[in-house]
Amino acid sequence: MSILEDRAAVKNERGTQHWRVIIRWFETEISARRLVPGDKLPTEQQICDQFSTNRHTVRRALAHLQDRGLVESTQGRGSFVRRPTLLYHIGRRTRFSTTLQQQAANPETRTLTLDTRAAEPHVAAALGLKSGAPTIFIERLGLANGEPVSIARHWFSFDRFPYFGLFYKRSLSITQTLIDSGVLDYTRKQTKVSARLPTPQEAQLLHLPRHIPLLITHAWNVDGLDIPLEYGEARMASDRVEISIETEPKPTLD
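Calculation rules
- Residues numbered from 1 in each chain as written.
- Predicted model: local features only at pLDDT ≥ 70, side-chain atom pairs only at ≥ 80, totals over all residues.
- Heavy atoms only, no water.
- Helix = DSSP H or I, 4+ residues; strand = E, 2+ residues; numbered from the N terminus.
- Buried < 20%, exposed > 50% of the residue type's maximum accessible area, 1.4 Å probe, protein only.
- Contact = heavy atoms within 4.5 Å.
- Areas by Shrake-Rupley, 256 points an atom, 1.4 Å probe, with all protein chains shown as cover.
- Core = buried A, V, L, I, M, F, W, Y, C linked by side-chain atoms within 4.5 Å.
- Pairing = 2+ DSSP bridges.
- Axes fitted to C-alpha atoms, helices over the stretch in contact; angles between N-to-C directions.
- Phe/Tyr/Trp six-rings, centres within 6.5 Å; stacked < 30°, edge-to-face > 60°.
- Expected span 1.5 Å × (residues − 1).
- Arc of directions from axis to C-beta.
- Polar contact = N/O pair within 3.5 Å; in protein donor to acceptor, adjacent residues only side chain to side chain.

*Asks:* Any details on the overall build of the protein chain? Residues and values, ideally.
*Replies:* Counting its regular elements, the protein chain contains nine helices and 10 strands. Taken across its 254 residues, the protein chain has 41% of its residues classed as buried. Look at the contacts in the protein chain between residues 6 or more apart in sequence, and 58% of them connect residues 24 or more apart. Approximately 14400 Å² of the protein chain is accessible, and the part contributed by carbon and sulfur atoms is 51%.

Laid out in structure tokens, this is it:
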């Protein structure tokens, strides 16, 4: 039901404050997924016209929806159905799928690129290689409940894992590919976090407005012998992901 179609129903709501009627209408539309995360709401004036009310009433309703986390408003752009926020935990063992599974987010990854590339200086330094050395490069799109949340890039030494590509195509899992390659476990040695606005391609892949910044994580993973194993970069939609950094437990004194 559109707002135009709902106008008569609102007029029949005798004794009910208009701002509560507006709230209930939007709650119903969002619950029924006739309005989905990222959809833009009508302007304040359009809501005023269709619900035969004033801007004060509309703003009160939108403020209530925003306080409940259903709607987000940006000055000059309007109001949108809020996208659900996920916690991305960074610790010694950071795994995208495990983190999202713990939040019942139905994680999914789609491989965008899998090839061999010469290591750029920053990648070579991270992996302990010479600049220009061959690396396995993987770029993947991460989704939660069908909604894109991250674009991740991973680099591995080709000389160390010459059959990485073959194993990965079989399992489509980086963790399983490393196990098949003889690496049973790996840990996060260092993480750096930065932010920037998305490129047009990133905005398209993540279904993200160009004004919403990306959270960028730069990750260095090592094997059990503390030897560089992987360098990774993840670009995450800041309106859908919050980063939680786990501190190392303090050593106990005997």
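*Asks:* Please provide a residue-by-residue account of the nonpolar core, values included.
*Replies:* Ile 22, Phe 26, Leu 35, Leu 41, Ile 47, Val 58 and Leu 65 are the most contacted members of the largest nonpolar core, which has 17 residues in total. Contributions of two or more residues to this core are made by helix H2 (18–31), helix H3 (44–51) and helix H4 (55–67). With six residues, H2 is the largest single contributor of residues to this core. One finds Phe 161, Phe 164, Tyr 168 and Val 183 within the second-largest nonpolar core, a separate group that totals 11 residues.

*Asks:* Describe the sheet that holds strand E4 (residues 107–118), listing the residues and the values that go with them.
*Replies:* Judged by pairing direction, the sheet is antiparallel, and its six strands sit side by side in the order E4-E5-E6-E9-E8-E7 without closing on themselves. Edge positions in the sheet fall to E4 and strand E7 (187–196), since each has one partner strand and no second. Across the sheet, the axes of successive neighbouring strands diverge by a mean angle of 15°, strand direction being ignored. Where strand E8 (residues 214–222) and strand E9 (residues 228–237) come together, nine bridges link them in antiparallel fashion. Bridge pairing in E9 links Ala 219 to Gly 232.

*Asks:* Lay out the packing of aromatic side chains in plain terms, naming residues and giving numbers.
*Replies:* Tallied over the full model, the rule gives nine aromatic pairs. Relative to Phe 26, the ring of Trp 25 lies with its centre 5.1 Å away and its plane at 85°, an arrangement referred to as edge-to-face. According to the relative accessible area criterion, Phe 26 is buried, its value standing at 1%. Consider the rings of Phe 161 and Phe 164, whose centres lie 6.1 Å apart with planes at 65°: the pair is edge-to-face. Across the pair, exposure class does not vary: Phe 161 and Phe 164 are buried alike.

*Asks:* So, H4: which residues are in play, and what are the values?
*Replies:* Between the first and last C-alpha of H4 there are 18 Å, a value that for 13 residues agrees with the 18 Å anticipated at 1.5 Å per step. Among all positions of H4, only Thr 57, Val 58, Ala 61, Leu 62 and Leu 65 are buried. The arc that holds every buried residue of H4, seen down its axis, measures 130°, which confines them to one face. Every exposed residue of H4 that faces more than 90 degrees away from the buried side is listed here: His 56 and Asp 67. The inward-facing, buried residues of H4 abut H2, H3, strand E1 (71–74) and strand E2 (78–81). For H4, the N-terminal cap is Asn 54; the gap from its side-chain oxygen to the backbone nitrogen of His 56 is 3.2 Å. Looking one or two residues beyond H4, the residue adopting positive phi is Gly 69, at roughly 80°.

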